[in-house]
2 protein chains.
Amino acid sequence: MNAEIIAVGTEILLGDIVNTNSQFLARRLADFGISIFHQSVVGDNGPRILKEFTDAFKRCDLIITTGGLGPTTDDMTKEIAAEFFSKPLVLHQESLRKLEDIFSRRGGTLSESNRKQAYFPEGCIILPNDHGTAPGCIVSEGGKTIVVLPGPPREAYPMFENYVAPYLKTLTDSVIVSKVLRVVGLGESLMASKVQDIIEGSENPTVAPYAKQGESLLRITAKAETEADGYGLIAPVEERIRERLGNAVYGTGDESLEAVIAGMLMDRNLTISVAESCTGGMISSRLVDFPGISEVFMEGAVTYSNQAKINRLGVKRSTLDKFGAVSAETALEMAAGIARTSGTDIGLSTTGIAGPEGGSIEKPVGLVYIGLCICGKTTFIECNFPGTRDMIRLRATIAALDLLRKELL
Amino acid sequence: MNAEIIAVGTEILLGDIVNTNSQFLARRLADFGISIFHQSVVGDNGPRILKEFTDAFKRCDLIITTGGLGPTTDDMTKEIAAEFFSKPLVLHQESLRKLEDIFSRRGGTLSESNRKQAYFPEGCIILPNDHGTAPGCIVSEGGKTIVVLPGPPREAYPMFENYVAPYLKTLTDSVIVSKVLRVVGLGESLMASKVQDIIEGSENPTVAPYAKQGESLLRITAKAETEADGYGLIAPVEERIRERLGNAVYGTGDESLEAVIAGMLMDRNLTISVAESCTGGMISSRLVDFPGISEVFMEGAVTYSNQAKINRLGVKRSTLDKFGAVSAETALEMAAGIARTSGTDIGLSTTGIAGPEGGSIEKPVGLVYIGLCICGKTTFIECNFPGTRDMIRLRATIAALDLLRKELL
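Residues numbered from 1 in each chain as written. Chains lettered and ligands numbered in written order. Predicted model: local features only at pLDDT ≥ 70, side-chain atom pairs only at ≥ 80, totals over all residues.

1. A closer look at the sheet that holds strand β17 (residues 377–384) of chain A
Applicable threshold: One requirement defines pairing of two strands: DSSP has to find at least two bridges between them. Segments assigned H or I by DSSP are reported as helices when at least four residues long, segments assigned E as strands when at least two residues long, and all are numbered from the N terminus. To get an axis, fit a line to the C-alpha atoms, keeping to the stretch in contact for a helix; angles then go from 0 to 180 degrees between the N-to-C directions. We call two residues in contact if the C-beta atoms placed from their backbones are at most 7 Å apart.
One open sheet accounts for 10 strands, arranged β17(A)-β16(A)-β15(A)-β13(A)-β14(A)-β14(B)-β13(B)-β15(B)-β16(B)-β17(B); its pairing is mixed. Each edge of the open sheet is held by one strand with a lone partner, namely β17 of chain A together with β17 (377–384) of chain B. The mean inter-strand angle of the sheet, taken between neighbouring strand axes irrespective of direction, is 10°. Alignment of strand β13 (residues 272–276) of chain B against strand β14 (residues 297–302) of chain B, held across 5 bridges, turns out to be parallel. Within β14 of chain B, the residue paired with Ala275 of chain B across the bridge is Ala301 of chain B. Helix α12 (residues 306–313) of chain A rests against β13 (272–276) and β14 (297–302) of chain A together with β14 of chain B of the sheet, and its axis sits at about 40° to β14 of chain B. Across the sheet, helix α14 (residues 328–342) of chain A lies against β13, β14, β15 (346–352), β16 (367–374) and β17 of chain A, angled at about 145° from β15 of chain A, the strand it touches most.

Encoded structure:
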C-alpha cells in the first residue's frame, strides 16, 4: 500500500517550525509496511489543500494529514476532506459533550468557533483527542482514505498510536523491518564503491548508504509477512556486506562508537585517559556521552599550549623544538604521558592543525597525528583531513576513537 | 516571486532524518520576499523527481532542491535538472581539480563515481562547496530556475548564504536586510514573552524568535529600497529589544559565545583553564572552536572520576565525602584547583548529574554546579536543567560560558 503525508500549515511553509510530524508519520507508516513516495506541505488554503488531495490520490490510496484542525476559520483540513468526498459535515454529539466538558473545566463556555471542532464528514471514523480539543477522523470512499490528524505533536502522536495504528493494522498484510550497519574509517563514497553491486542488485531487502556526522551508515530494509521472515531476508545480505567491509563495520542500529569502545574497555577492565590538542576536548566529550563510562575513563587533558604539554604530560621540550608540536613524536609522548600521569592502562592523544590559520607547506591545515599507548606499547597514525576547522576536529576525533577500537579488536 | 522547496532523499521520505533544510530555506526565502506556497519531499528516483519539477513549475518559477548530489548512482538531482531543461552534462575542470585536491590530501585517488560530482548541466552557474565534495548549481531556461543544493546542512547552509543569497538579490528589486541578535541565559519562550508585543506589533521590520542549540536568536528583518534604509528601519527596533533583554544579548550575527569570551580575555590579557566533570570536555571544545584561543586558553582537565578531581585539581577528599562530587563546594575547589595548577588567572568548573542514571531526590538529574575563580575570587551558580543527557551537558556548557561572560562584563 502507498501513502502520502500532507502537512497543512502556514507556519511550516514559512519555516517558523520544523516539520517533525512528517518524520514521525513516515517512520511509523514504514513500520506497517506502507510505502511513502511523496510528502508535501501546503498552507491553510482551501483550494490548494483540495488540489493536493487530488494530486496525491493519483499516486496513492491513503493520505495522512496533520494540522488545520483548530477553531479558527483558517483551519479547514477536515472541511476540505469532506468536500473532496462530497460528504456533508454533521455534528457528533459525543465530541460536543467532551468539548463542553473541557471548556467548563477551564471555567469558560464553548464559543461558536470551537463548536466546529465537533462537526465531522458524515460516516467517518472519529479519532478522540486525549491531549487537546480537536478530534481527528478517518474519511473513506471508493478505496481512497484520508486520515486527518491535529498539528501539535503532543496531540497527533498519541492519537496515531492509540487510534490510527490499530486501524492501519487491519489494512496491511506485510511488515517492513530494517537493520542499520554503522561503518567508520571509510568515507561514504569509498564504502559505497565497495558494496555498489550489492546496493544495486538488491530489491528485497534494499540496501541504502548514507552519511551522518563523519560516519557512514548502511540501511538494509526487507518487506515480509512476519518480522522473523524479514530478518531472515536481511541476514544473508548483512553477511555479504560484512565480508566486504570487514572490521570497518563497528556496530548496528543506534549503537555509538563510544558505546562500542566503552563496552570493550569495561569487558577487559582497561582504564583510559585522553590528551587532546587540536580536538580540544571532543574525544573526552564523546566518551563521556556514554553513561557509565566513569568506570574506565579516568581523565582527559586538553593541552592546547606547548607549556601545558610539557607541564601536564611531560612532553620533552627538545621533542617540541626538534619535531614541532604537530608531529608523530609529540603525539607519542602525549599518549604515553597522559597514561603515566593518570595511571591508566591506555593513553590516547591528538595533535594537529585544525586551521583555518597555522598551516604550512610541510604541515598543511588538516594534518593530524594520533598517538596511542596501550600498556606501555605505543603506536601512531598520520592523517590528512579535508574540511573546515569543525570538520577536521570531528574527523580527528572519530579517527582517534577508531584507532583505539581497531587496536583493541 | 513564488518558489517551491523540494527535498530529495529516501532518508527523509522514510523518516530517518528530519527535514530541517526545508525550514532553513523557507525562512531565508521569506527574507528575500519570495513566497512559498508548497514544499515537497521525493525519494532518489529519477522519474518521480522529474514529475515533481514539472508539477512545481506549474505553480512557481523557482525551485530549490536539497539532496541527491552524492557520488553514488542513487544521487541524481543534478542529472534530472539537466534532463528537465534538456541540457547535456559537461565536465567543469575547476571543480574536478578541487575534487582531485581533496582526494589527494586524503591520500586517495578520485574514483569514477566521485568524478560525476564535477559534471554540470551546460551553461549553469556553479555553486562551490566549501564544506564538502559536491558543488551545487543554478540551472535556468525560459524564466524557470532550479537551484540545486547538497543535502547535509553544514554544506547546504553556507552554500546558500555565500552563493545563492547574492544571486537571489539580483532577482528582486527591493533589498531585504536582517540582523540577528544572539541571546543567552533566557529560554526561547521567556525571551519571546519579554518582547512579545514587539514581535506582534512589527511589520517592517519583522521580528522572529528562534532557538538554536541551547541559545535563542531574534532575527530583525527589514524590506527597503537600499541596504542603508533597511538598517535604518532595524536600528530603533534593535534598541527597544536591547532595552528589554539587557546583557542577555551577547552578540549579533554569526558571533559565537566563545568568540565574545575569547575577545574579552584577549583584550584584558587574562588566561583561563577549565575543569570539567559532567560536561566532559564540551567547554574546552567550545573554547578551542575559536581559532587563536591558544593565547589565553592554557589547559582543560576532564576530571570525571573523584580520584582525578583529587589528584589533578587538589579537591579535598573531605569535601567530596561531606558534600559529594556534585556540590557547590566541589565546584569551587575544582575552579580554584585548575587555576592554581595550570597557573592561569581564571579557572572555570562544572560538576553535575547529566543522567539518565545517578539522580536522587536531593540531587536530581539535571542538577549542575558551575564554579568560577577569577584572580583568586571564587563564585558559583546552581542550575537545574531539563532534558536528555546531551541537552543537560549542552545547557551546562552554555551556562558556564555565560557565567564567565557576565563576570567579565
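2. A word on the nonpolar core
Applied cut-off: For this analysis, nonpolar core means a set of buried Ala, Val, Leu, Ile, Met, Phe, Trp, Tyr and Cys residues linked through C-beta atoms within 7 Å. Any residue with 12 or fewer other C-beta atoms within 10 Å of its own C-beta is exposed, any with 20 or more is buried, and the rest are partly exposed; the C-beta atoms used are placed from the backbone.
With 233 residues, the main nonpolar core has Ala335 and Leu348 of chain A together with Ala335 and Leu348 of chain B as its most contacted residues. Dropping the residues within four chain positions of it, Leu348 of chain A is found in contact with Ile272, Val274, Ile283, Ala335, Leu372, Ala400 and Leu404 of chain A.

3. Observations concerning unusual backbone geometry
Residues and elements named next belong to chain A. Cis geometry marks the peptide bond from Asn204 to Pro205; its omega dihedral reads 10°. Mapping Pro205 onto the fold places it in the loop between α8 (188–201) and β10 (206–212). Unlike most non-glycine residues, Asn269 shows phi in positive territory, near 60°. By the secondary structure assignment, Asn269 is in the loop between α10 (257–268) and β13.

4. Side note on the domain arrangement of chain A
Which entries qualify depends on this criterion: Note: domain ranges come from an automatic or database domain assignment.
Taken domain by domain, chain A comprises domain 1 (2–169), domain 2 (175–252) and domain 3 (257–408). Placing a centre on the C-alpha atoms of domain 1 of chain A and another on those of domain 3 of chain A gives a separation of 52 Å.

5. Some words on the interface of chain B and chain A
Put simply, the test is: We call Asp, Glu, Lys and Arg charged. Ala, Val, Leu, Ile, Met, Phe, Trp, Tyr, Cys and Pro are nonpolar, and the rest, Gly among them, are polar.
Each partner contributes residues to the interface: chain B has 58 residues there, and chain A has 58 residues. Of all the secondary structure elements, the ones that give two or more residues to the side of chain B that touches chain A are α1 (10–13), α2 (20–31), β2 (35–42), α5 (93–105), α6 (112–115), α11 (282–288), β14 and α12 (306–313) of chain B. Broken down by class, the residue content of the side of chain B that touches chain A amounts to 23 nonpolar, 26 polar and 9 charged. Sheet topology note: the strand β2 (residues 35–42) of chain A/β2 of chain B ladder contains 5 bridges and is antiparallel. Paired with Ser40 of chain A across the strands is Ser40 of chain B, a residue of β2 of chain B.

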